[in-house]
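# Summary of structural features
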Amino acid sequence: GPKVLQIPSHQIIDMGQMVTLNCDPVSNHLYFYWYKQILGQQMEFLVNFYNGKVMEKSKLFKDQFSVERPDGSYFTLKIQPTALEDSAVYFCASSLGLGGLYNYAEQFFGPGTRLTVL
Amino acid sequence: AQSVTQPDARVTVSEGASLQLRCKYSYFGTPYLFWYVQYPRQGLQLLLKYYPGDPVVQGVNGFEAEFSKSNSSFHLRKASVHWSDWAVYFCAVSTTGGNNKLTFGQGTVLSVIP
């Protein structure tokens, strides 16, 4: 089936540095998402993105976070500066559409990027 | 706001036995409900989904789930578990008319013993 790729699979950085997490979504999908999972906890919605704009973000999406997808390349999550509490697995997802015919809204997930902030 | 609870952090069953993984949701309106499975080092894969209609939905690999509005539940079932079903299972809810964000439960680790 359709696959979402995430690069890198694991990133270790020092607190205060900048990090960019990359997502290669399903090729014809238009809506993109980031979710965060702290070890042992549930996955939580961070943000979704369409047509160059953030549609909705949660309270976890701090001011230090930003997302973009320049010219149809990777969908990225940037954290600048990083904090210890940003250590988590970040999952990217994409979907063809929203609601309506629900098959279009099915989200396909990547394998996650494990971010460790020291 | 919607929420999902999976009361069992871990379930262990014998291969060939039947399975039920529990999911309770909270949402005042009409929910869309999902079960995802996560195998090691892989992304989430959709097992099945519910949107208003038949309360029993069939999914891949012999899984099914039943929606109950009165119990606010969406339990996952399988008649005969296979060793390859060993994975983490997540229940999730999304809302009609929303921005398609998913709210997940804590996940249930399914272990299968021979």
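Here's a quick rundown of the structure. (Residues numbered from 1 in each chain as written. Chains lettered and ligands numbered in written order. Predicted model: local features only at pLDDT ≥ 70, side-chain atom pairs only at ≥ 80, totals over all residues. Heavy atoms only, no water.)

## A short note on the overall build of chain B
In plain terms, the rule: Helical segments are the DSSP runs of H or I of at least four residues, strand segments are the runs of E of at least two, and each set is numbered from the N terminus. Here the globule rule reads 2.2 Å times residues to the power 0.38, and the radius of gyration is calculated from C-alpha atoms. The classification of residues rests on relative accessible area computed with a 1.4 Å probe and restricted to protein chains. Under 20% of the type maximum is buried, over 50% is exposed, and intermediate values are partly exposed. Should any heavy atoms of two residues lie within 4.5 Å, those residues are considered in contact. The protein chains shown are the only cover counted for residues, whose accessible areas, like all others here, come from Shrake-Rupley with a 1.4 Å probe. Charge counting follows a simple rule: Lys and Arg are positive, Asp and Glu are negative, and His as well as the terminal groups are ignored. Here the site of a charge means atom NZ of a Lys, CZ of an Arg, CG of an Asp or CD of a Glu.
Scanning chain B for helices and strands turns up 0 helices and 12 strands. The helix and strand sequence of chain B, counted from the amino end, reads β-β-β-β-β-β-β-β-β-β-β-β. Taking 114 residues into account, the globule formula puts the C-alpha radius of gyration at 13 Å, and chain B, at 14 Å, falls close to it. C-alpha extents for chain B along the principal axes are approximately 45 × 30 × 25 Å. Taken over 114 residues, chain B has a buried fraction of 47%. Residue pairs at least 24 apart in sequence account for 55% of intrachain contacts in chain B once pairs closer than 6 positions are excluded. In the structure as shown, chain B presents an accessible area of about 5400 Å², 51% of it carried by carbon and sulfur atoms. Considering chain B, the positive charge centre built from 9 side chains and the negative charge centre built from 6 side chains are found 9 Å apart.

## Re the packing of aromatic side chains
Stated precisely, the cut-off is as follows: Working definition: a ring pair exists when centres of Phe, Tyr or Trp rings (six-membered ring for Trp) sit within 6.5 Å. Plane angles under 30 degrees give stacked, over 60 give edge-to-face, the rest tilted.
Counted by the stated rule, this structure contains 18 aromatic pairs over all chains. Centre to centre, the rings of Tyr32(B) and Tyr51(B) are 6.1 Å apart; their planes meet at 85 degrees, and the pair counts as edge-to-face. Placement of Tyr32(B) in strand β5 (residues 31-38) and of Tyr51(B) in the loop between β6 (44-50) and β7 (56-58) is noted, with a sequence separation of 19 residues between them. The buried category is assigned to Tyr32(B), whose relative accessible area is 11%. Assessed through its relative accessible area of 39%, Tyr51(B) is described here as partly exposed. A centroid spacing of 6.2 Å and a plane angle of 50 degrees characterise the contact between Tyr50(B) and Phe74(B), whose relative ring orientation is tilted. Residue Tyr50(B) is located in strand β6, and its partner Phe74(B) is located in strand β9 (residues 73-78); the two are separated by 24 residues in the primary sequence. Here the two residues Tyr50(B) and Phe74(B) agree in accessibility, since each one is buried. Clustering of aromatic rings is evident, with ring pairs tying together Tyr35(A), Phe45(A), Phe109(A), Phe34(B), Tyr36(B), Phe90(B) and Phe104(B).

## Remarks on the side chain of Thr113(A)
Residue and element names in this part refer to chain A. Considering the arrangement of structural elements, one finds Thr 113 in strand β11 (residues 113-117). Thr 113 sits in the buried class, given a relative accessible area of 0%. In contact with Thr 113, other than residues within four places in its own chain, are Gln 6, Ile 7, Pro 8, Ser 9, Leu 21, Ala 88, Val 89 and Tyr 90.

## With respect to the interface of chain A and chain B
Stated formally: As used here, buried area is the combined drop in accessible area, with a 1.4 Å probe, of two parts when they are placed together. Whenever Lys or Arg places a side-chain nitrogen within 4 Å of a carboxyl oxygen from Asp or Glu, that contact is recorded as a salt bridge. Between N or O atoms, a polar contact is any pair within 3.5 Å; within protein, one atom must be a potential hydrogen donor and the other a potential acceptor, and residues adjacent in sequence are included only when both atoms are from side chains. The classification used treats Ala, Val, Leu, Ile, Met, Phe, Trp, Tyr, Cys and Pro as nonpolar, Asp, Glu, Lys and Arg as charged, and all other residues, Gly among them, as polar.
On the side of chain B, 21 residues touch chain A, which itself brings 21 residues to the contact. With both chains or domains summed, chain A and chain B bury close to 1800 Å², and 53% of this area falls on carbon and sulfur atoms. At the surface where chain A touches chain B, the tally comes to 1 salt bridge. As a salt-bridge pair, Lys101(B) and Glu56(A) come within 3.1 Å of each other at their nearest N and O atoms. Between the two partners, chain A and chain B, sit 8 residue pairs in polar contact (both at pLDDT 80 or more). Of all elements in the fold, only β4 (31-37), β5 (43-50), β6 (53-57) and β9 (88-95) of chain A reach the threshold of two or more residues within the side of chain A that touches chain B. Looking at the side of chain A that touches chain B residue by residue, the classes come out as 11 nonpolar, 8 polar and 2 charged.

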